[in-house]
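Topology and contacts: notes
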Amino acid sequence: MTDAQPGRPTENAMRRALKRARDGVALDTAEAAVLLQARGEQLRDLSASAARVRDAGLEAAGRPGVITYSKKVFIPLTRLCRDRCHYCTFVTVPGKLRREGHGMYLSPDEVVEVARQGAALGCKEALFTLGDRPEDRWPEAREWLDAHGYDDTLAYVRAMAIRVLEETGLLPHLNPGVMSWTDLQRLKPVAPSLGMMLETTATRLWSEPGGPHHGSPDKEPAVRLRVLEDAGRSNVPFTTGVLIGIGESYEERADALFQLRRIQRQYQSIQEVIVQNFRAKPDTAMRAMPDAELEELAACIAVARHVLGPAARIQAPPNLVDSEYALIVGAGIDDWGGVSPLTPDHVNPERPWPHIDQLAERTRESGFELRERLTVYPEFIARGEPWLDPRLLPHVRALADPETGLAREDALPKGLPWQEPDEGFTASGRTDLHRTIDTEGRTGDRRADFDAVYGDWEALREQAAPGMVPQRIDSDVREALAQAADDPTRLSDDQALALLHADGPALDALCSIADDLRRATVGDDVTYIVTRNINFTNVCYTGCRFCAFAQRRTDADAYTLSLDQVADRAAQAWEVGATEVCMQGGIHPDLPGTAYFDIARAVRERVPGMHVHAFSPMEVVNGASRTGLSIRDWLTAAKEAGLDSIPGTAAEILDDEVRWVLTKGKLPAADWIEVVKTAHELGLRSSSTMMYGHVDQPRHWLGHLRTLAAIQQETGGFTEFVTLPFIHTNAPVYLAGIARPGPTTRDNRAVTAMARVLLHPHITNIQTSWVKLGAEGAAEMLRSGANDLGGTLMEETISRMAGSRYGSYRSIEGLRAIATLAGRPARPRTTLYGEVPAERVAAAEASDGHLPELLPLAD
């Protein structure tokens, strides 16, 4: 036996890897790196097994023997970019654009004209390609955007996508480069699919001088992987891929494929993977770099097929394969990507598209039928909600074959309105759930799409494991207790962690210190508020894995209230002495971003004196993204509509390590922080919260509390901190066997006490939750540093759906009784912890204990 040449795998290694591929055994990264080097007969062996995997996938998808493509136009919205990729000819500079008589961006009329010409030729996709955030590098780009009234390039992308939809009917596919989670929320409503090439995970190609991505902030692999993950969390059908031959090793190339597999396994959001071969361009820094050979491309396609599996859609651009169609088809592709009868490939302008008839013939020669698809793949059309925004459904349905989900090849696109669904606020479903949850309970312990909406449970279990490992604590608890008693503002993180782990006599001492601090800070009065919760819908597809409240619109327990019903409930609450309504709901795909304004306005008009405490930061971001407004402008409009303050819910744990286990699609920690800071700057105060006792550890609690204290020092906008013990009973993440069954009594006491200690003197009100802990538990927290009991609630559906056993309403007398258990007096307060008007106090006292009769709400 002879060894391979240096840098090449041994014959044994290749033979073993080929056999594992033939046998359908899962490959590891090392084996994939070996197979990427298959050539000649070895490549034919590898391709044959990859083709079998591909064929099985097409059979399962209901389109055996079909290779697809998309008929598109290419819209190069701007050729300016803040990056400096060393192989790119697409990007240019402002001076060159001016010399050639071009603007910094295509004008709206130019965009629409290209799309119209494409529609006339039967194209159905408008591929928007552009450089990353050119306004960050080029003043000329910033000036153009300002002159035309756009905050940034993505705002212009969104506006042009809407115009293309409305004026031509083409379906936008947006490739704007790196996007934040918030950017994805902005763009998802205007495009059935989005994309960004991963290219490579070889960080050295970005970080080392001379590398192809050096000097390009958007080409850092970690940043691009985060985009793919955020797209998955946001239920965006996403196109990505690898670019081979730019200096990466075979091991690095294999790693990129395995990263794509990881993300696809977890989110099922990658609709296609492009395998693209590097082609050197003149007038670029990499002009002397050899092209990636076609056998190398074929080997990567075949390995991608084995790694990603039969359900993956794998594409190779047909204009880059030098007529070697059979080689590429044989390696396992099932898609040729977008082909344009009108516009060139602006990224590879020297490589013209093949004529579609020619492509069909060459595909037929390899034994396959060429069929047209839309920019969004059939599988995602079939999935429906939450993958396609309701405003896009008419456009997609106009062009999709209802049976196959492929394109209706005889359909000519025509413009359709891009608008909110007609249903809006129509009462539907189990609108009496706020009452019957206490008498009849929920229909089942989980929603019907339990196995799909939250992502892959097994992948999540692996992701959660590291964060749940307890941390060894070496700090002296006695020293930490002494510091907490002397000056809690000087507690170190190590000391704070020691106290968060305290138990037995040490925990008793900590709670005593916290109780003394509470007495010195806010006195002995236990405060409460007469309030009504109004959850206006529980239809939601965000995929929060801790939430048992959210339902699909077709689930038995799903409901949506009408505006009149919301206003009726607020009016009834006022009649029985309430000073506040707290309104939150699911992220219902049919409710427009202006729905929140309508809700606030409806309450304000019906009950002018009611404090409107409404809309979590997640709802704020949803409203802003659906309307196209900035968070600041959206909050300003909400305030004008009647919003007085916002709940600081949707925080859960402000640590993305935990956050991405708890939720699939909720806003990242940084976005939550941005929303509350912006609200505070606008004079909208908020509560702050922490949900704990699931997949978290005390180190996460510490980080969360430190973050809140820092925000409060900056804005002063938090009214209180609310402890939210995790209710596990019906929580999906618990039912899947990942989360622990809620916090222990020790955890509750430690969190309450340390909230008092760590937030001092910045957040002075610490609230405990009777609905989650019951009367005895809440009284114990009042002895551990808390001073507030929250509200009467009148209706409480979220915790009850999760399995809380303590009801939906607590009378004023009941709240006073909890305070009495703690040996303390009680008094009412307003949302902002002010004195309650005497008229409100009298109305509440007169109605106390009679709410089931006073609030029948037979909807």
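Attention now moves to the overall build of the protein chain. From N to C terminus, the protein chain includes 36 helices and 21 strands. Against the compact-globule benchmark of 29 Å for 859 residues, the protein chain has a radius of gyration of 29 Å, which places it among compact chains. For the protein chain, the spread of C-alpha atoms along the three principal axes comes to 85 × 60 × 55 Å. Out of the 859 residues belonging to the protein chain, those deemed buried represent 62%.

Moving on, we come to the pairing of strand β1 (residues 66-78). It is a general feature of regular strands that their side chains alternate between the two faces of the sheet. Burial of β1 is extensive: 13 of the 13 residues sit out of reach of the surface. Relative to strand β9 (residues 369-373), β1 runs parallel, the two being bridged by five bridges. Residue pairing for β9: Ile67 is matched across the bridge by Leu370. One ladder, built from three bridges, connects β1 with strand β8 (residues 335-339); its direction is parallel. Looking at the pairing, Ser70 lines up with Gly338 of β8. Direction of pairing for β1 relative to strand β2 (residues 125-130): parallel, over a ladder of six bridges. In the sheet register, Ile75 faces β2, and the bridge partner there is Phe128.

This next bit is on the nonpolar core. Ranked by size, the top nonpolar core spans 130 residues in total, and within it Met583, Phe615, Trp634, Trp672, Phe721, Met754 and Leu759 carry the most contacts. Ranked by the residues each element gives to this core, the list is headed by helix α31 (residues 745-759), at eight residues. If we skip the residues at most four places from it in the chain, Met583 touches Ile534, Phe536, Val566, Ile599, Val603, Val612, His613, Ala614 and Phe615. Ala21, Trp138, Val227 and Leu388 belong to the second-largest nonpolar core, a separate cluster that totals 122 residues.

Further remarks concern the packing of aromatic side chains. Scanning the model with the defined rule gives 15 aromatic pairs in all. Relative to Tyr596, the ring of Phe536 has its centre 6.3 Å away and its plane inclined at 75°; by these criteria the two rings are edge-to-face. With Phe536 in the loop between β12 (531-535) and β13 (559-560) and Tyr596 in helix α24 (residues 595-606), this pair connects stretches of sequence that are 60 residues apart. Here Phe615 and Trp634 contribute two aromatic rings whose centre-to-centre distance is 6.4 Å and whose plane-to-plane angle is 75°, an arrangement assigned as edge-to-face. Here Phe615 is found in the loop between β15 (611-614) and α25 (617-627), whereas its partner Trp634 is found in helix α26 (residues 631-641), with 19 residues between them in sequence. Grouping aromatic residues by their ring pairs yields a cluster made of Phe536, Tyr596, Phe597, Phe615 and Trp634. For the cation-ring pair, Arg383 lies above Phe380, with the distance from its terminal atom to the ring centre recorded as 4.2 Å. We note Arg383 situated over the ring of Trp387; from NZ or CZ to the ring centre the distance is 4.8 Å.

In this section: helix α22 (residues 504-522). The end-to-end C-alpha distance of α22, which contains 19 residues, comes to 27 Å, matching closely the 27 Å that a straight helix rising 1.5 Å per residue would cover. Along α22, the residues classified as buried are Ala506, Leu507, Leu510, Cys511, Ile513, Ala514, Asp515, Leu517 and Arg518. Summarising the contacts, the buried residues of α22 are in contact with α20 (477-486), α21 (493-500), α31 and α32 (770-782). Downstream of α22 by one or two residues, Gly523 has phi in the positive range, about 85°.

A separate point is the state of the cysteines. Per the stated rule, a full pass over the model turns up zero disulfides. Not engaged in a disulfide, the cysteine Cys582 finds its nearest cysteine sulfur in Cys547; these two sulfurs lie 15 Å apart.

With that out of the way, let us pick up the packing of helix α23 (residues 563-575) against α24. Two elements in contact, α23 and α24, have axes separated by 9 Å at closest approach and are oriented at 45°. When the axes of α23 and α24 are compared, the pair comes out oblique. Every pair of crossing elements has a handedness; the one defined by α23 and α24 is right-handed. Contacts from Leu563, Asp564, Val566, Ala567, Asp568, Ala570 and Ala571 of α23 reach α24 at Asp598, Ile599, Ala602, Val603 and Arg606.

Bringing the side chain of Thr542 into the picture now. With respect to the helices and strands, Thr542 occurs in the loop between β12 and β13. Look at Thr542 and you get buried, because its relative accessible area is 8%. Those residues in contact with Thr542 that sit more than four places away from it in its chain are Arg233, Ile587, Met618, Thr663, Lys664, Gly665 and Lys666.

With that settled, the discussion passes to the packing of α24 against α26. Taken N-terminus to C-terminus, the directions of α24 and α26 make an angle of 20°; their axes are 8 Å apart at the nearest point. Between α24 and α26, the angle falls in the class roughly parallel. Pair α24 / α26 crosses with right-handed handedness. Note on element contacts: α26 touches α24 through Trp634, Ala637, Ala638 and Ala641, opposite Tyr596, Phe597, Ala600, Arg601 and Arg604. Class assignment for the residues of the contact of α24 with α26 results in seven nonpolar, no polar and two charged.

Cut-offs applied
Residues numbered from 1 in each chain as written. Predicted model: local features only at pLDDT ≥ 70, side-chain atom pairs only at ≥ 80, totals over all residues. Heavy atoms only, no water. Helix = DSSP H or I, 4+ residues; strand = E, 2+ residues; numbered from the N terminus. Rg over C-alpha atoms; globule rule 2.2 N^0.38 Å. Buried < 20%, exposed > 50% of the residue type's maximum accessible area, 1.4 Å probe, protein only. Pairing = 2+ DSSP bridges. Core = buried A, V, L, I, M, F, W, Y, C linked by side-chain atoms within 4.5 Å. Contact = heavy atoms within 4.5 Å. Phe/Tyr/Trp six-rings, centres within 6.5 Å; stacked < 30°, edge-to-face > 60°. Lys NZ or Arg CZ within 6 Å of the ring centre and 35° of its normal. Expected span 1.5 Å × (residues − 1). Disulfide = S-S within 2.5 Å. Axes fitted to C-alpha atoms, helices over the stretch in contact; angles between N-to-C directions. Parallel < 35°, antiparallel > 145°, perpendicular 65-115°, else oblique. Left-handed = near helix turned anticlockwise from the far one by under 90°. Nonpolar A, V, L, I, M, F, W, Y, C, P; charged D, E, K, R; others polar.

In short, the description is geometric, and any link to function would need to be established separately.
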